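The residues making up each chain are set out below.
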Amino acid sequence: MKLLAFIKTVLKSTLKNLLNQLLIFSVFPLLLGLVIGYFSEDQFVPSAEMPVMKIMIKDEDNSAESNNLIGFLEGQEMKRLVEIREEDAQYIVTIPDGYGEGLLNNENVPVEIGVTEEGSQSQGNMLAEIIDKYNEGMYINHIIQKSIEEKTLPEEREALFQRVYGKIAEIYNRGLIENNIITTKKSLTSYEHFSITFLSYMLFMMMTSLINGEYIARESGVYSRIMAAPITNIQYFNYNLISSYIFVVFFILLYVLTYRIFGLSFTGSLVLLIVIVLIQSLLGTVLATLLSLILRKKASNAILNALITIQIVGGVAYVPLKKIGDGVLARIVEKYSPDALIASTYRSYLIYDGFNSIKIQLMIMAVISLVLYAISLIWVKVRRGEAW
């Protein structure tokens, strides 16, 4: 009953400021994500139903093997992914001297993929992967051909070779192209990318609000008056945590469901989406609670402001960073951004839409939340009812 009364009081306070909170925690991040997503559409991977890569081929080897590779790139299946150009190419495919001999002897003579300013490093990597798989298939074909020539009668060789070669061609042409088309289709759209970026921004903003609200309660004497009532320190801590958790879940659900209703992002399994929101909200709430317990107001606000700045700059600048060098800066941002765990969970959800793709991230978030909660409880008990 005490818990229900506590939550009811907090909800009344939230409703009084609902309009302002909606503007700060929902409308503002939504508008930012939609506007930046709209103007960034052409920077993200387009549909894979049409030629998506304009390539120019430079053959410095002029061997039968290099001509076969060019024939493969110009083939019907590859027309679904590439368009051969003599100028204005996004990617320059250079077949180096010695490619053919290296291929037959299983030596590393790689085909070079040059990415121009108009190209995408991720798609360049995809093209390189296709060519690597093609080379692998051709080498296997060469080995099989040698084996057939050594161990079969002359009259059997041609039919057997044609049958085996047909199977290999099917696997290493259609199969690898289909796999890479799937990969391309699963790349995030601009709206999906920025919906995740500003969801993390919104979470950090709510954490800041929760922390500042706790400091105000202590400075204004509200905490002391509450503790004068028949409620223990631990009870107050848990009740406050639960009410804060409901607050965070409500606004995050409002955000993701708005994107989902308009079909712009978070369009996978609704059950998985709700599970992610619940666990992510728990992590954010417990972390905010712990910071408010162990740090002073200026220190906690400075930390959160730094995290917000790093996260939002990294999220907005992610696409330009991918075009610098080999994309190493973008990979650093993706791996070490303050919201890396949460963002990777949503990316996996949007790309694969399966529990197996996000179970590790969910488990890590849940374990971290439990550890932070345990630390917070210990801290509360040590303080023995003081206004932390």
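Residues numbered from 1 in each chain as written. Predicted model: local features only at pLDDT ≥ 70, side-chain atom pairs only at ≥ 80, totals over all residues. Heavy atoms only, no water.

Comments concerning the packing of aromatic side chains
Test applied: Under the pairing criterion, centres of Phe, Tyr and Trp rings, with the six-membered ring standing for Trp, must be within 6.5 Å; the plane angle then separates stacked pairs below 30 degrees from edge-to-face pairs above 60, leaving the rest tilted. A run of DSSP states H or I qualifies as a helix once it reaches four residues; a run of E qualifies as a strand once it reaches two. Both are numbered from the N-terminal end. For every residue, the accessible area obtained with a 1.4 Å probe (protein chains only) is divided by the maximum for its type, and the residue is called buried under 20%, exposed over 50%, and partly exposed between those limits.
If you walk through the whole model with that rule in mind, you get 13 aromatic pairs. Ring geometry for Phe198 versus Tyr201: centroids 6.2 Å apart, planes at 80°, classification edge-to-face. Here Tyr201 and Phe198 lie together in helix 7 (residues 190–219), a separation of three residues that amounts to about one turn. By relative accessible area, which is 13% here, Tyr201 ends up buried.

Things to note about the packing of helix 9 (residues 233–261) against helix 10 (residues 270–294)
Let me state the cut-off plainly: Angles run from 0 to 180 degrees between N-to-C directions of axes, and those axes are lines fitted to C-alpha atoms, restricted for helices to the stretch in contact. Any angle that falls under 35 degrees is termed roughly parallel, while one over 145 is termed roughly antiparallel, one within 65 to 115 roughly perpendicular, and all others oblique. Crossing handedness is defined as follows: a turn of the near helix away from the far one that is anticlockwise and smaller than a right angle gives a left-handed crossing, while the clockwise case is right-handed. In this analysis, two residues are considered to be in contact whenever any of their non-hydrogen atoms come within 4.5 Å of each other. Each residue gets one of three labels, nonpolar for Ala, Val, Leu, Ile, Met, Phe, Trp, Tyr, Cys and Pro, charged for Asp, Glu, Lys and Arg, and polar for the others, Gly among them.
Helix 10 packs onto helix 9 with a crossing angle of 140° between their chain directions and a minimal axis gap of 8 Å. Our classification of the angle between helix 9 and helix 10 gives oblique. Of the two possible hands of crossing, helix 9 and helix 10 adopt the one that is right-handed. Where helix 9 approaches helix 10, its residues Phe237, Leu241, Ser244, Tyr245, Val248, Val249, Ile252, Leu253, Val256, Leu257 and Arg260 are matched on the opposing element by Leu270, Leu273, Ile274, Val277, Leu278, Gln280, Ser281, Leu282, Thr285, Val286, Thr289 and Leu293. Residues belonging to the contact of helix 9 with helix 10 are distributed by class as follows: 17 nonpolar, five polar and one charged.

A look at a nonpolar patch on the surface
As a reminder, the rule being used: Residues qualify for a patch when their relative accessible area is over 30% and they have no salt bridge, like charges being joined within 9 Å and the nonpolar side chains of Val, Leu, Ile, Met, Phe, Trp and Tyr within 5 Å. With residues, only the protein chains shown are counted as cover, and all accessible areas are computed by Shrake-Rupley using a 1.4 Å probe. Basic side-chain nitrogens of Lys or Arg form a salt bridge, by our definition, when they fall within 4 Å of a carboxyl oxygen of Asp or Glu.
Where nonpolar side chains cluster on the molecular surface, the patch consists of Leu257, Ile261, Phe262, Leu270, Ile274 and Leu278 and spans about 570 Å² of accessible area. The set of elements that each furnish at least two residues to the nonpolar patch consists of helix 9 and helix 10. In terms of residue count, helix 10 provides more of the nonpolar patch than any other element does, three residues in total. Tracing the backbone through its elements, the reader meets Ile274 in helix 10.

A short note on the nonpolar core
Side chains that are nonpolar tend, in soluble globular proteins, to be buried together. To be explicit about the condition: Buried Ala, Val, Leu, Ile, Met, Phe, Trp, Tyr and Cys residues form a nonpolar core when they are joined through side-chain atoms within 4.5 Å.
Residues Met206, Ile252, Tyr255, Phe266 and Tyr346 are the most contacted members of the largest nonpolar core, which totals 48 residues. Breaking this core down by element, the ones donating at least two residues are helix 2 (18–39), helix 7, helix 9, helix 10, helix 11 (297–316), helix 14 (340–352) and helix 15 (355–383). Ranked by residue count, the leading element in this core is helix 7, at 13 residues. Residue contacts for Phe266: discarding those within four places in its chain leaves Ser195, Ile196, Leu199, Tyr255, Val256, Tyr259, Arg260, Leu273, Tyr346, Tyr349 and Leu350. Within the second largest apolar cluster, 21 residues are counted, among which are Ile55, Leu81, Met126 and Met138.

Some details on the packing of helix 10 against helix 14
Their axes nearest at 11 Å, the elements helix 10 and helix 14 cross at an angle of 175°. The angle between the axes of helix 10 and helix 14 places the two elements in the roughly antiparallel class. Mapping the contact onto sequence places Leu272, Leu273, Ile276, Val277 and Gln280 in helix 10 and Ile342, Thr345, Tyr346 and Tyr349 in helix 14. Here the contact of helix 10 with helix 14 is built from residues that sort into seven nonpolar, two polar and no charged.

Describing the sheet that holds strand 1 (residues 53–59)
What counts, and what does not: The pairing criterion for strands is at least two bridges between them, as found by DSSP.
Ordered in space as 2-1-3-4, the four strands form an open sheet in which the pairing is mixed. What marks the edges here is a single partner per strand, and that holds for strand 2 (82–84) and strand 4 (112–115). Geometrically, the sheet is characterised by an average inter-axis angle of 30° between neighbouring strands, direction not taken into account. In terms of strand pairing, strand 3 (residues 91–95) meets strand 4 through four bridges, oriented antiparallel. Across the sheet, residue Tyr91 finds its bridge partner in strand 4, namely Val115. Relative to strand 1, helix 3 (residues 64–73) is tilted by about 165°, and along the sheet it contacts strand 1, strand 2 and strand 3.

Structural notes on the pairing of strand 1
Applied cut-off: Clockwise travel from the first strand over the helix to the second, with the strands pointing away from the viewer, marks a crossover as right-handed.
Where strand 1 meets strand 2, three bridges bridge the pair, whose relative direction is parallel. Bridge assignment links Met53 to a residue of strand 2, and that residue is Val82. Between strand 1 and its parallel partner strand 2, the chain crosses via helix 3, and the hand of that crossover is right-handed. In this sheet, strand 3 lies alongside strand 1 in parallel orientation, the contact comprising five bridges.

Some thoughts on helix 3
For clarity, the threshold we go by: This arc describes the spread of directions from the helix axis toward the C-beta atoms.
Turning to helix 3, its buried residues are Glu65, Ser66, Leu69, Ile70, Phe72 and Leu73. Axial view of helix 3: buried residues confined to an arc of 155°, hence all on one face.

Let's talk about the side chain of His193
Within the fold, His193 resides in helix 7. Assessed through its relative accessible area of 9%, His193 is described here as buried. When residues no more than four places from it in sequence are discounted, the contact partners of His193 are Phe44, Leu188, Gly315 and Tyr318.

Description of a negative patch on the surface
Let me state the cut-off plainly: Positive charges are assigned to Lys and Arg, negative charges to Asp and Glu, while His and the chain termini are left out of the count. Charged side chains are reduced to one point each, which is NZ for Lys, CZ for Arg, CG for Asp and CD for Glu.
A cluster of acidic residues, Glu86, Glu87, Asp88, Glu117 and Glu118, forms a negative patch on the protein surface. Position of Glu117 among the secondary structure elements: in the loop between strand 4 and helix 5 (121–151). By relative accessible area, which is 72% here, Glu117 ends up exposed.

Structural notes on the confidence of the model for the protein
Note the following rule: pLDDT: the predictor's confidence for each residue, scored from 0 to 100.
Per-residue confidence for the protein averages 79 on the pLDDT scale, and 75% of its residues sit at or above 70. Per-residue pLDDT, averaged within each element of the protein, yields its smallest value for helix 6 (residues 154–185) (53) and its largest for helix 10 (94). Within the model, pLDDT remains below 50 along residues 46–51, and this stretch shows 15 contacts once partners closer than five positions in the same chain are excluded.

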